[in-house]
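# Examination of the molecular architecture
Residues per chain, in single letters:
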Amino acid sequence: MELKGKVAVVTGASRGVGKGIAVELGTAGATVYVVARSAGPLAETAAAVTEAGGVGIAVAADVLDDGQTAALFDRIADEQGTVDIVVNSAFCSPDLAGWLTRPFWELPIGSWDQVLGLGTRAAYVAAVHAVPMMSDSGLIVAVSSPGEQVPNVSYSVGKAATDRLVAELATQLKLRGVAVFSLWPGLVRTEFLLAAARTTSDGHQVLDFPDGRVLDVNLAETPRFIGRAVVGLATDPARLERTGSVETTAALAERYGFTDIDGNRPPTSYEVG
Ligand SMILES: NC(=O)c1ccc[n+]([C@@H]2O[C@H](COP(=O)([O-])OP(=O)(O)OC[C@H]3O[C@@H](n4cnc5c(N)ncnc54)[C@H](O)[C@@H]3O)[C@@H](O)[C@H]2O)c1
């Protein structure tokens with residue numbers, strides 16, 4: 001209950017990484033505004049946050065629409081007066097799944113806007129609205145990725161842009177006491193990933209790479225693992241010293257001493273065979 005009384009926002013929280021983060025923030029006692037476009041799955045996340053020990057509040061909003069992002073933070077200002085933690089995890093993986101195996105010149109140009117608009121621009125817009133009402137020990141996290149491992153130009157450039165955005169925000173926010181981090185999970189066992197996986201004859205779920213290699217998905221971390229990483233950052237009194245950096249879930253697990261929900265730490269790298 002280390003985060004009891006703290007107010008958090010998690011975008012992209014109807015499933016996947018965002019949902020795992022929201023539930024772990026709830027486990028630590030936070031009030032969590034969970035945000036995505038569809039009300040139905042969001043209500044499930046909000047209920048899971050409350051069941052975990054926090055207070056889950058579902059807000060259906062499209063973070064590609066600046067007006068809806070502004071309305072989200074206006075509502076939090078009215079209801080809570082402040083915000084302590086903002087986590088940006090909204091992402092467009094359903095479309096990306098079809099892009100990964102195709103070269104960039106065959107993809108719609110809009111794929112660029114979707115990845116950079118959601119992954120980078122929406123995080124910028126959220127910060128614009130959050131910072132003026134943020135407590136002086138606030139925390140902003142952008143979920144990013146070692147994008148160069150994914151064979152997609154927009155994804156790689158978008159993740160590099162997110163990491164740079166974090167560094168720039170951190171420079172301006174350090175004097176206000178607000179810490180900003182880019183957080184790289186390993187491979188995460190999300191609904192998206194599992195849907196893209198194939199089950200082998202010996203029962204393993206694997207991802208097929210365009211070059212014929214396969215990757216065992218069962219080794220991947222759960223979405224709760226990155227949630228524990230966010231809680232670690234949110235409860236670390238010395239975090240401002242590291243503001244602006246890229247953090248990995250594996251390194252944070254070592255630093256803060258947490259494991260995944262099965263009690264193990266996922267691998268820090270994966271053999272693709
Ligand atoms: N899954 C992995 O293995 C993995 C690995 C490394 C990094 N990541 C990163 O984690 C982040 C989240 O990925 P994920 O796998 O959880 O994706 P996901 O597709 O499972 O979840 C994305 C969430 O964003 C929401 N969303 C989509 N468009 C939105 C919009 N316009 N407005 C508001 N919400 C919107 C979706 O409804 C969903 O809740 C991404 O930045 C991704 O790059 C994922």
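Cut-off values and rules
Residues numbered from 1 in each chain as written. Predicted model: local features only at pLDDT ≥ 70, side-chain atom pairs only at ≥ 80, totals over all residues. Heavy atoms only, no water. UniProt positions renumbered as here; feature names shortened; annotations may be inferred. Pairing = 2+ DSSP bridges. Helix = DSSP H or I, 4+ residues; strand = E, 2+ residues; numbered from the N terminus. Axes fitted to C-alpha atoms, helices over the stretch in contact; angles between N-to-C directions. Contact = heavy atoms within 4.5 Å. pLDDT = per-residue confidence, 0-100. Buried < 20%, exposed > 50% of the residue type's maximum accessible area, 1.4 Å probe, protein only. Right-handed = clockwise from strand over helix to strand, strands pointing away. Parallel < 35°, antiparallel > 145°, perpendicular 65-115°, else oblique. Left-handed = near helix turned anticlockwise from the far one by under 90°. Nonpolar A, V, L, I, M, F, W, Y, C, P; charged D, E, K, R; others polar.

The name given to the chain in an unreviewed UniProt entry is SDR family NAD(P)-dependent oxidoreductase, and the organism recorded there is Kutzneria chonburiensis. According to the UniProt record, the Sequence similarities (unreviewed entry) comment for the chain is "Belongs to the short-chain dehydrogenases/reductases (SDR) family."

### Side note on the sheet that holds strand S10 (residues 246–248)
Strands belonging to one sheet form pairs held by backbone hydrogen bonds; the direction of such a pair is parallel or antiparallel. In spatial order, the strands read S3-S2-S1-S4-S5-S6-S10; together these 7 strands make up an open sheet with parallel pairing. Of all strands in the sheet, those bounded by a partner on one side alone are strand S3 (55–60) and S10. In this sheet, adjacent strand axes meet at a mean angle of 20° when their direction is disregarded. Pairing analysis gives 3 bridges linking strand S6 (residues 179–184) to S10, with the strands arranged parallel. When the bridges of S10 are listed, Trp 184 appears paired with Thr 248. Across the sheet, helix H2 (residues 39–52) touches strand S2 (31–36) and S3, and the angle it forms with S3 is around 165°. Against the sheet, helix H6 (residues 153–173) contacts strand S5 (134–143), S6 and S10, and its axis sits at roughly 160° relative to S6.

### What to know about the confidence of the model for the chain
When pLDDT is averaged along the chain, the result is 91; 93% of the residues meet or exceed 70. The ipTM value of the predicted complex is 0.98, and its pTM value is 0.95.

### Here's the deal with the environment of Arg 121
With respect to the helices and strands, the residue Arg 121 is situated in helix H5 (residues 110–130). Given the relative accessible area of 43%, Arg 121 is considered partly exposed. Setting aside residues no more than four positions away along its own chain, Arg 121 makes contact with Asp 66 and Leu 116.

### Re the pairing of strand S1 (residues 7–11)
Of all 5 residues that make up S1, 5 are buried, and the element is covered over most of its length. Across the two faces of S1 the burial is the same, with Val 7, Val 9 and Thr 11 and Ala 8 and Val 10 all buried. Alignment of S1 against S2, held across 5 bridges, turns out to be parallel. Bridge assignment links Val 10 to a residue of S2, and that residue is Val 34. After leaving S1, the chain enters helix H1 (residues 16–27) and then returns to the sheet as S2, a path that is right-handed.

### Considerations on the packing of H1 against H2
Contact geometry for H1 and H2: axes closest at 7 Å, N-to-C directions at 30°. One finds that H1 runs roughly parallel with respect to H2. Helix-helix and strand crossings are classified by hand; for H1 and H2 the assignment is right-handed. Contact residues: Lys 19, Ala 22, Val 23, Gly 26 and Thr 27 in H1; Glu 44, Thr 45, Ala 48, Val 49 and Ala 52 in H2. Looking at the contact of H1 with H2 residue by residue, the classes come out as 5 nonpolar, 3 polar and 2 charged.

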